[in-house]
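# Structural characterization, general
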Amino acid sequence: MLDLGFVRTSLETVEEKLRARGADPDALLGDFRALDQRRREAITTAEQFKARRNELSQQVGVLKKAGKDAAALVEETRSLKDKLDELDKTAAALDDQLRQLLAGLPNLTRNEVPTGKSEADNVTVKTWGEKPAFDFAPKPHWELGEALGILDFDRAAKLSGARFVVYMGAGARLERALISFMLDLHTQKHGYTEVLPPFMVNSKSLFGTGQLPKFAEDLFRCSDADAEAVARGEFKDNDHWLIPTAEVPVTNLYRDEILDEARLPIRFTAYTPCFRAEAGAAGKDTRGIIRQHQFQKVELVKFTRPEESDAEHEKLTRDAEEILEVLGLPYRRVLLCTGDTGFSSAKTFDLEVWLPGQQLYREISSCSNFEAFQARRANIRYRPGGAKSKVEFVHTINGSGLAVGRTWLAIVENYQQADGSVEIPKALRPYMGGLERITK
């Protein structure tokens with residue numbers, strides 16, 4: 001969420017940044033100026049009335065002590081109380097309107113983020129690895145997986161419907177191996193603390209990271225979650241939604257807390273299944289396991305001082321890249337343009353892995369610096385410079401380290417052999433019981 005004071009004093013900048021995202025400032029900001037002015041006027045008038053009430057209370061005390069009639073002043077005090085009650089209601093209603101308006105504003109992208117409308121305007125800043133050269137026509141992972149008996153889409157559809165898959169045999173073990181490999185590298189080498197959070201969260205948590213209220217249609221909600229309440233701006237702590245990513249529970253670990261500065265930066269990694277309704281994905285990626293309702297992911301989350309967030313963002317991105325490099329998977333790093341940057345992010349690098357069976361790069365991780373946007377929504381602060389100093393919002397950073405299913409399919413496509421088997425990358429063989437190749 002953006003700071004109210006910043007929006008008030010930098011409204012032209014906010015409008016410019018919204019236009020760069022492809023958003024309509026008039027639609028998002030509405031009558032912000034009028035609402036803000038009315039709120040400030042109500043607060044100012046209330047302060048004046050409180051000062052007058054305090055003055056009258058002193059005068060009433062003096063008159064009563066002197067044995068004089070204070071009825072007129074008492075009546076004026078009573079009248080002021082009624083007016084104050086009305087002003088408080090007005091200010092509270094305007095506060096709520098402004099809060100909902102601010103909750104609907106996306107983060108402002110950094111100046112170095114390229115201006116653009118879509119992924120076509122993203123900028124490749126780095127390419128790593130040699131694309132494998134095959135002396136045969138490489139197949140996509142869904143053909144390889146079904147031929148090897150390690151993916152079963154038909155039985156998954158019987159169990160759960162479209163956009164689900166069952167991993168079988170060595171396919172299931174490869175998924176498990178990747179999870180363990182990623183967690184081990186991030187905890188043992190990169191210094192992250194492993195977390196295993198709940199896979200359901202309340203609406204307050206989803207508001208904190210920016211999924212609610214804007215992206216409710218992309219989520220799976222449990223029967224106790226009230227979508228209409230969310231639309232009204234009511235975010236509960238006793239309802240439940242399935243998590244779309246571990247970013248949500250891990251970031252909200254410190255919601256409404258003040259962190260000890262000496263602990264920063266805090267680095268967490270978490271494996272979780274992720275659940276997404278894919279409401280806007282009709283007809284997209286219907287083959288294979290690119291876009292599923294349920295998938296596994298290893299997430300990286302950081303809480304940092306504002307002055308360190310750029311460096312920590314770069315480190316987190318490199319930590320995700322190292323997974324791809326150790327596995328020998330060709331990839332590129334892409335800086336997202338303004339029109340393709342996510343709602344909560346100020347700057348995002350996408351890592352895209354090469355898929356020879358499809359002859360294209362596909363996103364396998366988004367590494368984002370949210371600056372104070374999520375921390376302000378979730379009220380996560382720290383106290384720089386000692387116990388007596390003023391609290392400030394931390395910066396939050398996160399990225400996939402990596403999306404496990406997409407890493408799985410990248411291995412299957414990049415390490416496929418002419419006979420239809422799949423070689424296991426050397427780094428994963430200890431996690432596969434020494435298995436070197438998946439065969440039919």
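Everything here concerns the structure above.
This report concerns the structure included in the present document. (Residues numbered from 1 in each chain as written. Predicted model: local features only at pLDDT ≥ 70, side-chain atom pairs only at ≥ 80, totals over all residues. Heavy atoms only, no water.)

## Quick word on the overall build of the chain
- A tally of helices and strands in the chain yields 14 helices and 17 strands.
- Relative to its full complement of 440 residues, the chain shows a buried share of 50%.
- Just so you have it, the chain exposes about 20,700 Å², and 48% of that area is on carbon and sulfur atoms.
- With 62 positive and 67 negative side-chain charges, the chain shows a spacing of 2 Å between the two charge centroids. (Helix = DSSP H or I, 4+ residues; strand = E, 2+ residues; numbered from the N terminus. Buried < 20%, exposed > 50% of the residue type's maximum accessible area, 1.4 Å probe, protein only. Areas by Shrake-Rupley, 256 points an atom, 1.4 Å probe, with all protein chains shown as cover. Lys, Arg positive; Asp, Glu negative; His and termini not counted. Charge placed at Lys NZ, Arg CZ, Asp CG, Glu CD.)

## What to know about unusual backbone geometry
- The omega torsion of the bond from Leu 212 to Pro 213 falls at 10°, within 30 degrees of zero and hence cis.
- Mapped onto the elements of the fold, Pro 213 is located in the loop between α9 (203–209) and α10 (227–231).
- The omega angle of the peptide bond from Gly 401 to Leu 402 is 20°, so this bond is cis rather than trans.
- Topologically, Leu 402 is positioned in strand β15 (residues 395–403).

## Structural notes on the nonpolar core
- Ranked by internal contacts, the top residues of the largest apolar core, which has 47 residues, are Leu 178 and Trp 408.
- The set of elements that each furnish at least two residues to this core consists of α6 (141–148), α8 (170–188), β9 (294–304), α12 (309–326), β11 (347–355), β12 (360–371), β15 and α14 (404–414).
- For this core, the leading source of residues is α8, giving eight residues.
- Setting aside its immediate chain neighbours within four residues, Leu 178 contacts Leu 327, Val 404, Thr 407, Trp 408, Ile 411 and Leu 428.
- If you look at the next biggest cluster of nonpolar residues, it comprises 30 residues, including Met 1, Leu 29, Phe 235 and Ile 243. (Core = buried A, V, L, I, M, F, W, Y, C linked by side-chain atoms within 4.5 Å. Contact = heavy atoms within 4.5 Å.)

## Considering the state of the cysteines
- Taken as a whole and judged by the stated rule, the model has zero disulfides.
- Free cysteine: Cys 222, not disulfide-bonded; nearest cysteine sulfur from Cys 274 at 15 Å.
- Looking at Cys 222, the relative accessible area reads 22%, which means it is partly exposed.
- Taking relative accessible area as the criterion, Cys 274 reaches 0% and is therefore assigned buried. (Disulfide = S-S within 2.5 Å.)

## Here's the deal with the sheet that holds strand β4 (residues 193–195)
- Spatially, eight strands are ordered β1-β10-β11-β12-β15-β9-β8-β4 in an open sheet, and the strand pairing comes out mixed. Two strands bound the open sheet, and with one partner strand each, they are β1 (123–128) and β4. Geometrically, the sheet is characterised by an average inter-axis angle of 25° between neighbouring strands, direction not taken into account.
- Note: strand β8 (residues 266–275) against β9, ten bridges, orientation antiparallel. Looking at the pairing, Ala 270 lines up with Glu 299 of β9.
- Lying over the sheet, α14 contacts β9, β11, β12 and β15, oriented at roughly 40° with respect to β15. (Pairing = 2+ DSSP bridges. Axes fitted to C-alpha atoms, helices over the stretch in contact; angles between N-to-C directions.)

## Comments concerning the packing of aromatic side chains
- Evaluated as defined, the whole model comprises eleven aromatic pairs.
- Seen from their ring centres, Tyr 167 and Trp 408 are 5.3 Å apart, and the 70° between their planes marks the pair as edge-to-face. A residue pair is termed long-range when its members are at least 10 positions apart, and Tyr 167 in strand β3 (residues 166–167) and Trp 408 in helix α14 qualify at 241 residues.
- For Trp 408, a relative accessible area of 0% gives the class buried.
- An angle of 85° between the planes, with centres 5.7 Å apart, marks the rings of Phe 215 and Phe 343 as edge-to-face. Placement of Phe 215 in the loop between α9 and α10 and of Phe 343 in the loop between β10 (331–335) and β11 is noted, with a sequence separation of 128 residues between them. (Phe/Tyr/Trp six-rings, centres within 6.5 Å; stacked < 30°, edge-to-face > 60°.)

## A look at the pairing of β10
- Taken across its five residues, β10 has four buried, putting it largely inside the fold.
- The pairing of β1 with β10 spans five bridges and is classified as antiparallel. The residue of β10 that forms the bridge with Lys 126 is Arg 333.
- Direction of pairing for β10 relative to β11: antiparallel, over a ladder of five bridges. Bridge assignment links Arg 332 to a residue of β11, and that residue is Glu 352.

## Describing the sheet that holds strand β13 (residues 381–382)
- Spatial strand order, β7-β13-β14: three strands in an open sheet with mixed pairing. Where the open sheet ends on each side, the last strands, each with one partner, are β7 (258–259) and β14 (392–393).
- In this sheet, β14 lies alongside β13 in antiparallel orientation, the contact comprising two bridges. Counted as the bridge partner of Tyr 382 is Glu 392 from β14.

## Topic: the pairing of β8
- Of all ten residues in β8, eight are buried; the element is thus mostly enclosed.
- Across three bridges, the pairing between β4 and β8 is parallel. Residue pairing for β8: Val 195 is matched across the bridge by Ala 270.

## As for the side chain of Gln 211
- Tracing the chain through its elements places Gln 211 in the loop between α9 and α10.
- Within the structure, Gln 211 has its side chain in polar contact with the side chain of Thr 209 (distance 2.4 Å).
- The contacts of Gln 211, once residues within four sequence positions are left out, are Leu 206, Ala 216, Leu 219, Pro 244, Thr 245, Glu 247 and Val 248. (Polar contact = N/O pair within 3.5 Å; in protein donor to acceptor, adjacent residues only side chain to side chain.)

## Some details on the packing of α8 against α14
- Running from N to C, α8 and α14 cross one another at 115°; their axes reach a closest spacing of 10 Å. You can see that α8 and α14 cross each other, and the crossing is right-handed. Residues Gly 171, Leu 174, Glu 175, Leu 178, Ile 179 and Met 182 of α8 form the contact with α14, whose own contacting residues are Val 404, Gly 405, Thr 407, Trp 408, Ile 411 and Val 412.
- Split by residue class, the contact of α8 with α14 holds eight nonpolar, three polar and one charged. (Left-handed = near helix turned anticlockwise from the far one by under 90°. Nonpolar A, V, L, I, M, F, W, Y, C, P; charged D, E, K, R; others polar.)

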